[in-house]
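Architecture and fold: a report
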Amino acid sequence: MIPARRWFAFLLISAVCLPLAAAEGPVAPERIDVPGRREQLSIGQLFVPDYLEVSARKPVDLVVFFHGAAWCSEQNFYQSRRNAAFVSISLKAYDTEFEKPARFQSLLKETARAIGGKSGDVKLGRICLASFSGGYAAIWRILQDSQAFGQVTDVVLADSLYCQVLDRNSSPPKLNEDHMQPFLEFARAAARREKRMWYTHLFPPEEQHRGNTTTLTASYLIDHLGAFRMPRDSTNRLGMRLLYSCDLGEFHVRGFSGMTTQDHFNHFYVMADYLAKTSFGRAK
């Protein structure tokens, strides 16, 4: 068996190197100036949008995003208009950074101090963990800790849940359940409406190509919850074609057609639509 650290390092690289990648890099959305206050943290960057009113008397909700250019993730967040602060983190080894539960708790304390600024620490309210591609490994680590699991209210995964496949010849393919367990527990809580989870993933249009890992992990969650897929045929604002949806309580999966690097990155570029579906309130 591949050691966990080597396995996650491999996934972090392979997550953005799909077999049918285009010769050029993906075409990113137009960059827009999003106003707000930014502050560098020990890891990542804090962004407090200009519309957020910070007060020591009122808890501040927080979105922590893993794996993607800060300007693009902040733009996604701003477009979602969530009444919250935002932290964007990009690392080479998410699983080792958050291997110890104390790391996430110290990040929350540091963030609360930075949000409060001169007025002092603020109290954090709802916490959403979001990721693109290999950033899911941080969420995997964080959700293993019972304290963090209780603090996190929302999870948003943008084509961002990979897992070691132990046996591709079994039906369905056998996944490493240790890797899936934290996400399955969160999905179960979301199905009971105790949490909220959104997962969008690449779903190749031809069945023989649906061995991609995000399709396998989505199927694992859906099947273990006893949920159902509803066939769809519609397109979103980026032209991504939705092939199926799954909704059970507050557990939601969306399978979009695609196999290229551009298709993969489009899940990141449209993430504002799914941040807007979290339990966080909308800014006035």
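Below or above, wherever it landed, is the structure these notes cover. (Residues numbered from 1 in each chain as written. Predicted model: local features only at pLDDT ≥ 70, side-chain atom pairs only at ≥ 80, totals over all residues. Heavy atoms only, no water.)

It is worth spelling out the overall build of the protein chain at this point. Counting its secondary structure elements, the protein chain contains 10 helices and 12 strands. Radius of gyration (C-alpha) of the protein chain: 18 Å, near the 19 Å computed for a compact globule of 284 residues. Relative to all contacts within the protein chain whose residues are 6 or more apart in sequence, the contacts with residues 24 or more apart total 72%. Accessible area for the protein chain stands at about 13000 Å²; split by element, carbon and sulfur atoms hold 51% of it. The centroid of the 34 positive side-chain charges in the protein chain is displaced by 5 Å from the centroid of its 29 negative side-chain charges. (Helix = DSSP H or I, 4+ residues; strand = E, 2+ residues; numbered from the N terminus. Rg over C-alpha atoms; globule rule 2.2 N^0.38 Å. Contact = heavy atoms within 4.5 Å. Areas by Shrake-Rupley, 256 points an atom, 1.4 Å probe, with all protein chains shown as cover. Lys, Arg positive; Asp, Glu negative; His and termini not counted. Charge placed at Lys NZ, Arg CZ, Asp CG, Glu CD.)

A few words now on the pattern of salt bridges. All chains considered together, the criterion is met by 12 salt bridges. In this structure, Arg-38 engages Glu-74 in a salt bridge whose closest nitrogen and oxygen atoms are separated by 2.8 Å. In this pair, Arg-38 is assigned in strand E1 (residues 36-40) and Glu-74 in helix H2 (residues 70-80), connecting sequence segments 36 residues apart. The exposure class assigned to Arg-38 is partly exposed, which follows from its relative accessible area of 37%. (Salt bridge = Lys/Arg side-chain N within 4 Å of Asp/Glu carboxyl O. Buried < 20%, exposed > 50% of the residue type's maximum accessible area, 1.4 Å probe, protein only.)

The next point concerns the environment of Ala-191. Looking at where Ala-191 falls in the secondary structure, it is placed in helix H7 (residues 177-191). Separated by 59 residues in sequence, Ala-191 and Glu-250 place their C-alpha atoms 5.2 Å apart. Here Ala-191 is in contact with Leu-225, Leu-248, Gly-249, Glu-250 and Phe-251, once residues within four sequence places are set aside.

This part is about the environment of Tyr-274. Here Tyr-274 shows up in helix H10 (residues 272-275). On the accessibility criterion, Tyr-274 (9% relative accessible area) is buried. Between the alpha carbons of Tyr-274 and Ala-158 there is a distance of 8.7 Å; along the sequence they are 116 residues apart. Every residue in contact with Tyr-274, bar those within four places of it in the chain, is listed here: Val-156, Trp-198, Thr-200, Arg-254 and Phe-256.

So, about the sheet that holds strand E11 (residues 241-248). Within a beta sheet, neighbouring strands are joined by backbone hydrogen bonds and run either parallel or antiparallel to one another. Here 10 strands make up an open sheet; going across it, the order is E1-E2-E4-E3-E5-E6-E9-E12-E11-E10 and the pairing mixed. Each edge of the open sheet is held by one strand with a lone partner, namely E1 and strand E10 (230-235). Direction aside, neighbouring strands of the sheet carry axes that sit 20° apart on average. Examined bridge by bridge, E11 and strand E12 (residues 251-256) share 6 bridges and lie antiparallel to one another. Pairing of Asp-247 across the sheet is with His-252, part of E12. Where helix H4 (residues 101-116) meets the sheet, it contacts E1, strand E2 (45-49), strand E3 (60-66), strand E4 (85-89) and strand E5 (124-132), and its direction lies at approximately 115° from that of E5. (Pairing = 2+ DSSP bridges. Axes fitted to C-alpha atoms, helices over the stretch in contact; angles between N-to-C directions.)

Quick look at the layout of surface pockets now. The volume enclosed by the second largest pocket comes to roughly 330 Å³. Lining the second largest pocket are Tyr-51, Leu-52, Glu-53, Lys-58, Pro-59, Val-60, Asp-61, Asn-83, Gly-281, Arg-282, Ala-283 and Lys-284. Residue composition of the lining of the second largest pocket, by class: 5 nonpolar, 2 polar and 5 charged. (1 Å grid on protein atoms, 1.4 Å probe; cavity = no way out; pocket = protein on both sides within 12 Å on 5 of 7 lines; lining within 4 Å. Points joined across faces, edges and corners; volume = space filled by probe spheres on them. Nonpolar A, V, L, I, M, F, W, Y, C, P; charged D, E, K, R; others polar.)

Note on placement: Thr-214 falls in helix H8 (residues 213-225). A polar atom in the side chain of Thr-214 sits 3.0 Å from the side chain of Asp-159. Residues contacting Thr-214, with those up to four places away along its chain left out, are Asp-159, Ser-160, Leu-161, Tyr-162, Tyr-199, His-201 and Leu-202. (Polar contact = N/O pair within 3.5 Å; in protein donor to acceptor, adjacent residues only side chain to side chain.)

Going through the model one piece at a time under the given rule, you end up with 17 aromatic pairs. When the centroid spacing of 5.4 Å and the interplanar angle of 50° are considered together, the rings of Tyr-51 and Tyr-78 count as tilted. Of this pair, Tyr-51 sits in the loop between E2 and E3 while Tyr-78 sits in helix H2; the two residues are 27 residues apart in sequence, bridging distant segments of the chain. Judged by centre distance (4.8 Å) and plane angle (20°), the rings of Phe-77 and Phe-86 are stacked. Overall, Phe-86 belongs to the buried group, its relative accessible area being 0%. The structure contains a cluster of three or more aromatic residues connected by ring pairs, namely Phe-47, Tyr-51, Phe-65, Phe-77, Tyr-78, Phe-86, Phe-132, Phe-265, Phe-268 and Tyr-269. (Phe/Tyr/Trp six-rings, centres within 6.5 Å; stacked < 30°, edge-to-face > 60°.)

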